[in-house]
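# Chain and residue survey
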2 protein chains.
Amino acid sequence: MENDLGHELTRAVLTTADTFLREGQRLFRRHGLTAAQYNVLSLLATGPADGMSQRELGDLLVVDRSNVTGLVDRMEKAGWVRRADDPQDRRVYRVQLTAAGRRLWSEVAPLYAQVVAQVTAALSESQARATLKVLHKLQEGAVAWELPE
Amino acid sequence: MENDLGHELTRAVLTTADTFLREGQRLFRRHGLTAAQYNVLSLLATGPADGMSQRELGDLLVVDRSNVTGLVDRMEKAGWVRRADDPQDRRVYRVQLTAAGRRLWSEVAPLYAQVVAQVTAALSESQARATLKVLHKLQEGAVAWELPE
DNA sequence: AATAGATTGTTGACATCGCAACAATCGAGG
DNA sequence: CCTCGATTGTTGCGATGTCAACAATCTATT
C-alpha cells in the first residue's frame, strides 16, 4: 500500500474520532456531563453492583489512575457517585453509582444510543463489519510497532 | 443496521484514534515534541513560506484560537517558530518556522511516515479505500446530527 | 513475624482542550 | 472622516490527560 493513502487513512481515523468527541460533548453538556464522565457512568452502570476501584476505572478508560482521582472527585461533588471503602483492601475505594447517578444514566444512555444510531444510519452491516476489522488491524499495527530505536 | 454493531464501531474509531495519539506521543517525545506541536510543524512546513496566522492554525487544527496562543508560546520558547508581524494587518502574527524548526521537521517527518507505513502495512489498498469511505460517512452522520431540540 | 517489593490513591508540574470576556485593530456605511 | 460591528490574539477558568514521586497498605519470601 502506498504511503499517501496510509496518511489519509490515519488522518481520517483521528478526525472522525475528534468529531465524535466534539459532538458527544455537545450532547452531554446539557446534562452537566463531560465525555469522560459519561464513560465512568457507563462503566459503573453496566459493571458489578458493588462498584469498581479507581484503578479498574483507569484501566478500562485507558487513562492513568491519577486522572481518576479528579474525575471521581467532580462526580462525587455532583452527587452521581460515592466512594465506599473496600472491605478487603484498605487502600482502595469502591466507586459506586448513587441513586442520582443511576437516574442520570437512565436519561443519558438512550440519548447516546440514538446518536449512535443516527451516525451509523448510512452504513450497511457488511460495511460496518469490514471497517471494524480494518480498525482492529490498525490498532494491532500501532501496538506492534513498539518504539524502535 | 442494529445498534450493538454501531456502538462497537464508534467505540472502535475512538479507541483506535486514542492508540494512534498515544503511540504518536511516544514517538515525538524523544524529540521534545507533542502531537499538537507536530501538527503545527507539519502545517508550517508544508504551508506558505511567509507563515500562517494563529487564526489559520487554529482553523486547520480544528481547535479554538485561544489554544494556539500557548502552543505557539511554547514552540517559540523552544526556538522552532517565530512570530513575525503581518505587514497588512496589525492584529495578526505570521507564525513562521525558524531554521531549527525546519531542521526538526526534516528529522521527524520521515519517522512519522515510517510509522504510518508500518501501521497500515497489513491493509490492502481496497480495504483502505473502503474504510476511508465509511469514515467519511460516519463524519457526515455526526455533523448532520445538529443537536435536536 | 519481619522485611522487601508491589500496588493504590493522591498530589504537583506541565500540556491540551473549550468557552467567555477583553483590548486592539480592521472595514464598511453613513 | 467617523462610528459600529466583526475579527485577532490574549487571558482566566475549568476539565482532561501524562508522568514522577509519596505515604499507606498489601503480599510474598525468608
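To be clear, the structure that these remarks concern was listed above.
Below you will find a few notes about this structure.

What counts, and at which threshold
Residues numbered from 1 in each chain as written. Chains lettered and ligands numbered in written order. Predicted model: local features only at pLDDT ≥ 70, side-chain atom pairs only at ≥ 80, totals over all residues. Heavy atoms only, no water. Near = heavy atom within 4 Å. Helix = DSSP H or I, 4+ residues; strand = E, 2+ residues; numbered from the N terminus. Nonpolar A, V, L, I, M, F, W, Y, C, P; charged D, E, K, R; others polar. Contact = heavy atoms within 4.5 Å. Buried area = accessible area lost by both parts, 1.4 Å probe. Polar contact = N/O pair within 3.5 Å; in protein donor to acceptor, adjacent residues only side chain to side chain. Least-squares fit on C-alpha atoms with pLDDT ≥ 70 in both. Expected span 1.5 Å × (residues − 1). Salt bridge = Lys/Arg side-chain N within 4 Å of Asp/Glu carboxyl O. Buried < 20%, exposed > 50% of the residue type's maximum accessible area, 1.4 Å probe, protein only. Axes fitted to C-alpha atoms, helices over the stretch in contact; angles between N-to-C directions. Parallel < 35°, antiparallel > 145°, perpendicular 65-115°, else oblique.

In this section: the protein's contact with DNA strand D. Every one of the 25 residues lining DNA strand D counts as a neighbour, but A:T34, A:N67, A:R74, B:R55 and B:R91 are closest to it. Atoms of DNA strand D within 4 Å of the protein: sugar and phosphate make up 65%, bases the balance. Where the surface near DNA strand D is concerned, the elements lending two or more residues are α2 (35–46) and α4 (65–77) of chain A together with α1 (3–29), α3 (54–61) and α4 (65–77) of chain B. With 4 residues, α4(A) is the largest single contributor of residues to the surface near DNA strand D. Counted by class, the surface near DNA strand D contains 6 nonpolar, 8 polar and 11 charged residues.

Turning our attention to the interface of chain A and chain B. If you look at the interface, chain A gives 55 residues, while chain B gives 55 residues. Between chain A and chain B, the buried area comes to about 5600 Å², and carbon and sulfur atoms account for 70% of it. Taken together, the links from chain A to chain B amount to 8 residue pairs in polar contact (both at pLDDT 80 or more). At the level of secondary structure, the elements contributing two or more residues to the side of chain A that touches chain B comprise α1 (3–29), α5 (99–119) and α6 (125–145) of chain A. Ranked by the residues each element gives to the side of chain A that touches chain B, the list is headed by α1(A), at 21 residues. Split into classes, the residues belonging to the side of chain A that touches chain B amount to 29 nonpolar, 14 polar and 12 charged.

It is worth spelling out the relation of the copies chain A and chain B at this point. Once turned by 180 degrees and shifted 0.0 Å along the axis, chain A lies on chain B with an RMSD of 0.1 Å. Seen this way, the second copy is the image of the first under a two-fold rotation axis. When each C-alpha of chain A is compared by its distance to the rotation axis, A:T131 comes out closest, at 2.8 Å.

Time to look at the protein's contact with DNA strand C. DNA strand C sits among 25 residues. The nearest are A:R91, B:T34, B:D64, B:S66 and B:N67. Near the protein, within 4 Å, the atoms of DNA strand C are sugar or phosphate in 66% of cases. Within the side chain of A:Q54, a nitrogen or oxygen atom sits 2.6 Å from a phosphate oxygen of DNA strand C. One of the side-chain nitrogen or oxygen atoms of B:R74 is found 3.0 Å away from a phosphate oxygen of DNA strand C. It is α4(B) that contributes the most residues to the surface near DNA strand C, 4 residues altogether. For the surface near DNA strand C, the per-class residue count stands at 6 nonpolar, 8 polar and 11 charged.

This brings us to helix α2 (residues 35–46) of chain B. The end-to-end C-alpha distance of α2(B), which contains 12 residues, comes to 17 Å, matching closely the 16 Å that a straight helix rising 1.5 Å per residue would cover. Contact partners of the buried residues in α2(B): α1, α3, α4, β1 (81–85), β2 (93–97) and α5 (99–119) of chain B.

Okay, the pattern of salt bridges next. Scanning the entire structure with this criterion turns up 20 salt bridges over all chains. Between A:R91 and A:D89 there is a salt bridge, with the nearest N and O atoms lying 2.8 Å from each other. Among the residues examined, A:D89 registers a relative accessible area of 22% and is labelled partly exposed. Here B:E56 and B:R94 are joined by a salt bridge, their closest N and O atoms 3.6 Å apart. Note that B:E56 is positioned in helix α3 and B:R94 in strand β2, a separation of 38 residues in sequence. B:E56 sits in the partly exposed class, given a relative accessible area of 35%.

Note on placement: A:D73 falls in helix α4. Its relative accessible area of 35% is what places A:D73 among the partly exposed residues.

This paragraph deals with α2(A). For α2(A), every residue scored as buried is listed here: A:A35, A:Q37, A:Y38, A:V40, A:L41, A:L43 and A:L44. Looking at the packing, one finds that the buried side of α2(A) touches α1, α3 (54–61), α4, β1 (81–85), β2 (93–97) and α5 of chain A.

On to the packing of α3(B) against α4(B), then. Residue and element names in this part refer to chain B. At a minimum axis separation of 8 Å, α3 and α4 run at an interaxial angle of 110 degrees. In terms of orientation, α3 lies roughly perpendicular with respect to α4. Of α4, the residues touching α3 (which contributes Q54, R55, L57, G58 and L61) are R65, V68, T69, L71 and V72. Within the contact of α3 with α4, the residues separate by chemical class into 5 nonpolar, 3 polar and 2 charged.

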